[in-house]
Amino acid sequence: MRQKLVAGNWKMHGSLVQNKVLLDALVTGLKTVRNVSCAVCVPYPYLFQARIILHESNIAWGAQNLSPFDYGAYTGEVSGPMLKDFGCRYVIVGHSERRTLQGEDSRLVAQKFKAAQAAGLIPILCIGETLAEREAGATEKVVAGQLEAVLELSGIAALTSAVVAYEPVWAIGTGNNATPEQAQTVHAFIRQGLTARNPEVARQLQILYGGSVKAGNAAQLFVMPDIDGGLIGGASLNADEFLAICAAAGS
Ligand code: 13P
């Protein structure tokens, strides 16, 4: 049985004051939740705060991006070893907002994935198609291609210490989540493709769903056999919503 994972992606939200209220509520609320791992991926400036508040809790923390390089003349960048220094367990790589707004291609994402693992972090690799790609019947080709770039650089065994998040771009921040059946179809496709190469790696890989997950739809999504939890955007900023999503994953 794969353990479920619910990770919050705060994106560019928060303040010291707001974060304290939210994190305190999560620490208290998650004390009694069983059978689920929980994490928050916060903006860089708040990693120190997350570490202080969460270090004795059962909530892991992480970042939303990293440099493909460990150190050097890369103004404004943050490296994997720096994130490790702050106790990060996870780092998101290849989020569609970065692929689109920062022009990150699958080759760069694969380099970031490799840099994350080299630093001892667990990359949460985001893959997913746009609406136009789905309507053109290209969903499987797109997600397989995004995954392939990582497999080419790091090899299939690298997925033993990684998480994949299927996030259809059309479902992110739209309130328009993929139906459990739509998501399950893609998750099963991803797992089957990996099974052909290494059944054990495919069997243990956590594949999260992301895109307008909220308390009201989480349970239906998480009950699907290949959905191993969620990557949560907007709803992760609300303690009650996030706690309810974690509870749905643990039940
Ligand atoms: P929403 O949950 O706000 O749709 O965002 C999903 C997401 O992008 C998580 O990485």
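Residues numbered from 1 in each chain as written. Predicted model: local features only at pLDDT ≥ 70, side-chain atom pairs only at ≥ 80, totals over all residues. Heavy atoms only, no water.

Trainee: Before we go on, may I ask you to explain the site of the ligand in this structure?
Mentor: As a structural note, the neighbourhood of the ligand is formed by Asn9, Lys11, His95, Glu167, Ala171, Ile172, Gly173, Gly211, Ser212, Leu231, Gly233 and Gly234. Separating an oxygen atom of the ligand from a side-chain N or O atom of His95 is a distance of 2.7 Å. Measuring from an oxygen atom of the ligand, one finds a backbone N or O atom of Gly173 at 2.6 Å. For the ligand, whose free accessible area comes to 310 Å², the fraction covered by protein is 95%. Split into classes, the residues belonging to the shell around the ligand amount to three nonpolar, seven polar and two charged. (Near = heavy atom within 4 Å. Polar contact = N/O pair within 3.5 Å; in protein donor to acceptor, adjacent residues only side chain to side chain. Areas by Shrake-Rupley, 256 points an atom, 1.4 Å probe, with all protein chains shown as cover. Nonpolar A, V, L, I, M, F, W, Y, C, P; charged D, E, K, R; others polar.)

Trainee: What should I look at first to understand the pattern of salt bridges in this one?
Mentor: Side chains bearing opposite charge may pair, as long as their charged atoms lie close to each other. Under the defined criterion, the tally for this structure stands at 11 salt bridges. In this structure, the salt-bridge partner of Asp24 is Lys20, at a minimum N-O distance of 2.5 Å. Placement of the pair is Asp24 and Lys20 together in helix H1 (residues 16-29), with a separation of four residues, close to one helical turn. Here Arg134 makes a salt bridge to Glu129, at a shortest N to O gap of 2.8 Å. Relative accessible area serves as the criterion here: at 0%, Glu129 is assigned to the buried category. Within the structure, one salt-bridge network assembled from shared partners comprises Arg2, Arg191, Asp226 and Asp228. (Salt bridge = Lys/Arg side-chain N within 4 Å of Asp/Glu carboxyl O. Helix = DSSP H or I, 4+ residues; strand = E, 2+ residues; numbered from the N terminus. Buried < 20%, exposed > 50% of the residue type's maximum accessible area, 1.4 Å probe, protein only.)

Trainee: What am I meant to see in the packing of helix H7 (residues 139-154) against helix H8 (residues 180-195) here?
Mentor: In a pair of packed helices, the angle between the axes and the distance between the axes together describe the arrangement. Look at H7 against H8: their axes get within 11 Å of each other, and the N-to-C directions meet at 45 degrees. Taken together, the axes of H7 and H8 lie oblique to each other. Here H7 runs over H8; the crossing is right-handed. Of the residues in H8, those touching H7 at Thr139, Glu140, Val143, Ala144, Leu147 and Leu151 are Val186, Phe189, Ile190 and Leu194. Looking at the contact of H7 with H8, its residues break down into eight nonpolar, one polar and one charged. (Axes fitted to C-alpha atoms, helices over the stretch in contact; angles between N-to-C directions. Parallel < 35°, antiparallel > 145°, perpendicular 65-115°, else oblique. Left-handed = near helix turned anticlockwise from the far one by under 90°. Contact = heavy atoms within 4.5 Å.)

Functional significance is not addressed by these values, which are geometric in nature.
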